[in-house]
Amino acid sequence: MQVEHPCPQCGGPVTLEESDRFLECGFCRVRLYIFSKGSLRYFLPPKSRPVDESLFVPYWRFRGMVFSIGASDIQHKVVDASFRARDVHSLPPSLGFRAQALKMKFASPEIKTAFLAPQYALKSDLSKIDAVADFLGKPTGGVFHRAYLGETLSLIYAPVYIKNNTLFDGVLDKALGAAGPEIETALSDREADRGWGLRFASALCPNCGWDLSGGRESLVLFCGHCETAWQAQGADFKKVALGVLPSEGGGEVYLPFWRASVEIKGLQLESYADLVKAANLPKAIRPEWHEKPLLFWSPAFKSHPKIYLRLCSQLTTLQPEAEPEAAMPKATICPVTVDAQEAFESIKVTLAETLTSKKTLLPALDALPVKAKAATLALIPFHLRGSELIQNEFKLSFQKRSVHGLEF
Ligand SMILES: [Zn+2]
Ligand SMILES: [Zn+2]
């Protein structure tokens, strides 16, 4: 899906992809980073009604992976869909093709119009959205937990209006049904607190002022000058702790991973020794492993769910050592396109995959309190052999094309 926005510097029209984090102007050549508080928000332009005379109904748009943890296995699916974030039953449950045919616009808080408040938060309430049950299917044997790991998570507003007691779809100017009191109530909950924010600014290192580098979809940018990593949080860049794994014989490419530290109430899982026991790993526990805090590893790049899950479980059970102060590698670094928050969301999936006590763990998984503490980045060197990426030390290999956004 595409977004149209006037260049903040010269006013020229710029078209970008929904997943783009940089706005690049073809006229004045400026390259600005897109800062947003929370999910990015867009609106579909109304066909004939002015924007300020329309009402905008929110839809969540999710593109990513869904993991369903059942009694016997973990199923996964790549999902690309939109879901109505408010119960206005005359409206379609999803955006359908309407959004693909049109160029969206950024819904900045300053726009004078009525944006309705979303009733459902995507991650925590997704199961309540009626369209979802059909979409994901109802597996036999039930689901203990579902994890939604988003690559794109945005809020898209679709215009509607009421004329002659009839509710109209503002994109198509098509009647949707009678506008009775129920519709009027559903449409009255305007979002009063527009604290979502949107800012375009040059991507400069807050530490040394150098240009930060990253791909068009990068969520974390690197400073090649002072060798630091930065993630946009709200309106600013926040420093991300970065570790680099040593490379034997030099890797041609470094892949980024999140290492999440958490507090899990009800499970004895604080150190690496705890994990070796709980996962029944074929290793003799060394005394120092009792002191080594357990970190949950997960890819910080988009990949196929099967590879994502394999990497989460393999690296978490290996607990590689990264050198925190190591110099930034000169080789290609794959863009970070998965948010740190997703690293925390992935933990229950990793637990279900690695721990042996499935009979007691799985039924308790959904309610298990996992408290996020910190997420740091680690870069792991890989070699390219033909079309495959190989990491000899950890015995990892997969197709280069399964890593999204890797160009070299
Ligand atoms: Zn420009
Ligand atoms: Zn710097």
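Participant: So what's going on with the overall build of the protein? Residues and values would help.
Facilitator: Counting secondary structure elements, the protein contains nine helices and 23 strands. In terms of overall dimensions, the protein is globule-like: its C-alpha atoms have a radius of gyration of 23 Å, near the 22 Å expected for 408 residues. For the protein, the C-alpha atoms occupy an extent of roughly 75 × 55 × 40 Å along the three principal directions. Counting over 408 residues, the protein shows a buried share of 35%. Partitioning the contacts of the protein with sequence separation of at least 6, the portion at a separation of at least 24 is 70%.

Participant: I'd like a rundown of the domain arrangement of the protein, residues and numbers included.
Facilitator: Under the domain assignment used here, the protein contains domain 1 (39-196) and domain 2 (241-402). Look at where the C-alpha atoms of domain 1 and domain 2 centre, and you get two points 33 Å apart. Of the residues lining the interface, 13 residues belong to domain 1; the matching set on domain 2 comes to 18 residues. Elements represented by at least two residues in the side of domain 1 that touches domain 2 include exactly β6 (55-69), β7 (74-84) and β10 (145-163).

Participant: Provide a residue-level description of the sheet that holds strand β16 (residues 236-240), including the pertinent values.
Facilitator: Read across the open sheet, the three strands follow the order β14-β15-β16; overall the sheet is antiparallel. For this open sheet the edge positions go to β14 (220-223) and β16, each flanked by a neighbour on one side alone. If you compare each strand with its neighbour and ignore which way they point, the axes differ by 40° on average. Pairing geometry for strand β15 (residues 228-233) and β16, over five bridges, is antiparallel. Of the residues in β16, the one forming a bridge with Gln231 is Lys238.

Participant: Please provide a residue-by-residue account of the packing of helix α8 (residues 347-354) against helix α9 (residues 358-365), values included.
Facilitator: Where α8 contacts α9, the two axes come as close as 10 Å, and the packing angle between them is 160°. Taken together, the axes of α8 and α9 are roughly antiparallel relative to one another. Seen along the crossing, α8 lies across α9 with a hand that is left-handed. Contacts from Lys348, Leu351 and Ala352 of α8 reach α9 at Leu361, Leu362 and Leu365. For the contact of α8 with α9, a count of residues per class yields five nonpolar, no polar and one charged.

Participant: Please give an account of the packing of helix α6 (residues 305-318) against α8 that cites residues and values.
Facilitator: Running from N to C, α6 and α8 cross one another at 75°; their axes reach a closest spacing of 9 Å. In terms of axis orientation, α6 runs roughly perpendicular to α8. Across from Leu309, Cys312, Ser313, Thr316 and Thr317 in α6, the residues of α8 making contact are Val349, Thr350, Glu353 and Thr354. Looking at the contact of α6 with α8, its residues break down into three nonpolar, five polar and one charged.

Participant: Help me get a handle on the sheet that holds strand β13 (residues 198-202), residues and values and all.
Facilitator: Sheet architecture is open: three strands sit in the order β3-β4-β13, paired in antiparallel fashion. Taken across any chain shown, the strands that pair with only one partner, and hence form the sheet edges, are β3 (22-24) and β13. Averaged over all pairs of adjacent strands, the angle between strand axes in this sheet comes to 35°, irrespective of strand direction. Strand direction decides the pairing type here: strand β4 (residues 31-36) and β13, joined by five bridges, are antiparallel. Opposite Ser36, over in β13, you have Leu198 as the bridge partner.

Participant: Go over α8 with me, naming the residues and quoting the values.
Facilitator: Where burial is concerned, most of α8 is hidden: seven out of the eight residues are buried. Within the span of α8, buried status applies to Ile347, Lys348, Val349, Thr350, Leu351, Ala352 and Glu353.

Participant: A description of the confidence of the model for the protein should follow, citing residues and the corresponding values.
Facilitator: Per-residue confidence for the protein averages 89 on the pLDDT scale, and 95% of its residues sit at or above 70. Confidence scores differ between elements of the protein, with helix α3 (residues 130-136) showing the lowest mean pLDDT of 57 and strand β19 (residues 296-299) the highest of 98.

How each quantity is defined
- Residues numbered from 1 in each chain as written.
- Chains lettered and ligands numbered in written order.
- Predicted model: local features only at pLDDT ≥ 70, side-chain atom pairs only at ≥ 80, totals over all residues.
- Helix = DSSP H or I, 4+ residues; strand = E, 2+ residues; numbered from the N terminus.
- Rg over C-alpha atoms; globule rule 2.2 N^0.38 Å.
- Buried ≥ 20, exposed ≤ 12 C-beta atoms within 10 Å, placed from the backbone.
- Contact = placed C-beta atoms within 7 Å.
- Domains from an automatic or database assignment.
- Pairing = 2+ DSSP bridges.
- Axes fitted to C-alpha atoms, helices over the stretch in contact; angles between N-to-C directions.
- Parallel < 35°, antiparallel > 145°, perpendicular 65-115°, else oblique.
- Left-handed = near helix turned anticlockwise from the far one by under 90°.
- Nonpolar A, V, L, I, M, F, W, Y, C, P; charged D, E, K, R; others polar.
- pLDDT = per-residue confidence, 0-100.

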